[in-house]
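Results of the structural survey
Each chain, letter by letter, is given below.
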Number of protein chains: 2
Amino acid sequence: MTRKEDVEAALMRLRPVVDDALSDVVRGSPPEQLADASEHLIEAGGKRLRPVILLLAAEAVADRHVDPGGTEETGLLPEISNDPESYRAFPAADGSRVDVLTAAACIEVVHTFSLIHDDILDDDNVRRGVPAVHRQYGDDMAILAGDKLFARSFELLLETGASPDNSVPALGMLARTCVKLCEGEGLDISFEERESVSVPEYLQMVDLKTGVLFAATASIPAVLLGHREAVDPLAGYGREVGRAFQIKDDLLDLTASTEALGKQRGSDLVEGKQTIVTAHAREQGVDIDNLVESDTVESVTEAEIDDAVEQLESAGSIAYAREMARDCVERGKRHISSLPEKRPRRLLTDVAEHLVEREY
Amino acid sequence: MTRKEDVEAALMRLRPVVDDALSDVVRGSPPEQLADASEHLIEAGGKRLRPVILLLAAEAVADRHVDPGGTEETGLLPEISNDPESYRAFPAADGSRVDVLTAAACIEVVHTFSLIHDDILDDDNVRRGVPAVHRQYGDDMAILAGDKLFARSFELLLETGASPDNSVPALGMLARTCVKLCEGEGLDISFEERESVSVPEYLQMVDLKTGVLFAATASIPAVLLGHREAVDPLAGYGREVGRAFQIKDDLLDLTASTEALGKQRGSDLVEGKQTIVTAHAREQGVDIDNLVESDTVESVTEAEIDDAVEQLESAGSIAYAREMARDCVERGKRHISSLPEKRPRRLLTDVAEHLVEREY
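The model shown is predicted, which means the values in this text are computed figures rather than measured ones.

Taken as rigid bodies, chain A and chain B are interconverted by a rotation of 180° and an axial shift of 0.0 Å, the fit giving an RMSD of 0.1 Å. Seen this way, the second copy is the image of the first under a two-fold rotation axis. Residue A:Pro164, judged by its C-alpha, is the member of chain A lying nearest the rotation axis, at 2.6 Å. Both copies present the same face, since 100% of the interface residues in chain A are matched by interface residues at the equivalent positions in chain B.

As structure tokens, this is what we get:
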């Protein structure tokens, strides 16, 4: 099994575990329409990238046995990962057991809350292949559904069975993260009213909107399990991986096919969205605002996009973004180099690689 | 000093203490517009009823000394209340110190979050004498401002200095409360689409929208201070007081003057809002939907409202609501009868009385 196959196998194995946990936690109390609106995006699926990273990070810090039936060499996951239920009673540093699967669900619920509200703010119609919550249920119900998931996420993080001494800093991390998510989205909105945004400003927004949640995702298991020494390395890993993830998203809008994206290639350009690529290109003197003439995704042609991408390539902006994403991954890997050298750490490394190499 | 004067004096003394604490906690990080939108309603003032109840509940459970310069007999507040800073280091059961003023700020921040989002949902224009946040800053910024305050409230409850053993259940109570606030607002929205709502359904909505936050308000100090025996009594007190508060609000819309209300008397009737009075009247066969002919608050006349109120009085609905509010207060008082019989308990009782006797 190659390392790429290995990480893909891990993702394939963990996603359904996360899906199951999520379907348990969001089953709603009345009123019915609010319950439906709250479950809508969670049931629509998604990559479950954050919860999977959380589970891998838990494995990376845990003191644990290797499955007698599967060792490092055979490429099988060690014992604990072969039984999804074992994530419900994951060994903490003090010998107690913590339900890290519920922590993973918490993070996906927070992420979903922010998607629901962001889709209202950005006036987006489709999310995870289904209508955005506000399109399906109206703005009012979408605001409430986001709020309910937000509150649920704190309930979930209190249900892991971790000791109060470890739960309190984990909750603090979650609360701080949510404040920053809001500030990041606020910054993003303010960018829309501005003609230009510099690369550092753009990266600050990415750190707030994406980096902090990835940082919390990767480090919360270490907090809950009482492995204090691993918290900062994993938070550093998460922050860099989150940044790389967003930069890669910006790149894919230009380089992936319309088919693979599930939406018009170049739509960020058409809609005048700030990205790392446009921020760099503007600094190189490219006239970003007139890069494509069409101003709707319906009217733009592939040829127009090709031409725009060519100009961005000539300005070195695509290579610049690619290199930055790679640098983030390298820094992320270095952050966790102090963790025990075992398979889960390698999987975290490989997930980071996977994120910048993905084609959609 | 009469008991009424005493409770008014306590409210007058505690409100500025709460105002000061709030101005410290909401001072915002960038982006600026989001910070401004988040502070807008908090700076607009308000009765600060919830935080004041929280501080009184803290006093009611605390083991404490009486100010040598002021005793029960003189009607002066005991020592700890004469110095606002003492709320920052309030004595807990285990001898440690807890910042109950920050907990009080937390509750007001949660309340403000829910006002901001509810005003969007209810399309209300004015709140606390200033434009609603969404009117001043737009819907998008109002959604985000509510979210940010929501997250801030959890941060605040983590900053009280209470032991992790006491902070964790307090956070659980806050998270559960927020889930229920959303469900209550969801129920309220669903009522708008229905022709009739029964008294029990209406009361369930009130419990979720108002009762649970008052219950958390009154009992969180007991949780944080480690007085477990006082948690249920104070939660019961808060729930009943919250219910009485909402019923009184419904009544005031009909009985207070337009001038005292700061909005058209009878506007709930004109707007077809469900209230305890209309729910009861409908069950008595009153044709609620045609009680007033005008369908805007601009066109309705005082005579029309007088006539409607007379019909509601004939149906016994106003007396019914009055009696129910009084019953809630009595039940609320009984809930805390097990607490030490001292001045703070009496103030909690008097605050409850004050709420149903207020004229606006």
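So, on to the pattern of salt bridges. Residue and element names in this part refer to chain A. This model, assessed by the stated rule, comprises 52 salt bridges over all chains. Ionic pairing is found between Glu353 and Arg326, a salt bridge with its closest N-O pair at 3.1 Å. One end of the pair, Glu353, is in helix H16 (residues 343–357); the other, Arg326, is in helix H15 (residues 317–335), and 27 residues separate them in sequence. Judged by its relative accessible area of 32%, Arg326 falls in the partly exposed class. Bridged by salt links that share partners, the residues Arg326, Glu330, Lys333, Glu353 and Glu357 form one connected network.

The next thing to look at is the interface of chain A and chain B. At the junction of the two partners, chain A supplies 36 residues and chain B supplies 36 residues. Summed over both sides, the interface of chain A with chain B buries roughly 3,200 Å², with 78% coming from carbon and sulfur. Viewed at the interface, chain B and chain A are joined by two salt bridges. Considering each element in turn, the side of chain A that touches chain B owes the most residues, 16 residues, to helix H8 (residues 164–192) of chain A. Looking at side-chain class alone, the side of chain A that touches chain B contains 22 nonpolar, five polar and nine charged residues.

This next bit is on the confidence of the model for chain A. For chain A, per-residue confidence averages 91 on the pLDDT scale, and residues scoring 70 or more make up 94% of the total. Counted against residues more than four places away or in other chains, residues 65–80 of chain A, with its pLDDT under 50, gives 28 contacts.

Residues and elements named next belong to chain A. Among the structural elements, Asp124 can be located in the loop between helix H5 (100–122) and strand E3 (126–127). Put simply, Asp124 and Arg135 are eleven residues apart on the chain and 8.6 Å apart in space, counted from C-alpha to C-alpha. In this view, Asp124 contacts Asp119, Ala132, His134 and Arg135; residues no more than four positions away in its chain are not counted.

This paragraph deals with helix H2 (residues 32–43) of chain B. Over its twelve residues, H2(B) extends 15 Å from the first C-alpha to the last, a length consistent with the 16 Å expected when each residue adds 1.5 Å. Looking at the residues trailing H2(B), positive phi occurs at B:Gly45, about 90°.

The rules we used
Residues numbered from 1 in each chain as written. Chains lettered and ligands numbered in written order. Predicted model: local features only at pLDDT ≥ 70, side-chain atom pairs only at ≥ 80, totals over all residues. Heavy atoms only, no water. Least-squares fit on C-alpha atoms with pLDDT ≥ 70 in both. Contact = heavy atoms within 4.5 Å. Salt bridge = Lys/Arg side-chain N within 4 Å of Asp/Glu carboxyl O. Helix = DSSP H or I, 4+ residues; strand = E, 2+ residues; numbered from the N terminus. Buried < 20%, exposed > 50% of the residue type's maximum accessible area, 1.4 Å probe, protein only. Buried area = accessible area lost by both parts, 1.4 Å probe. Nonpolar A, V, L, I, M, F, W, Y, C, P; charged D, E, K, R; others polar. pLDDT = per-residue confidence, 0-100. Expected span 1.5 Å × (residues − 1).

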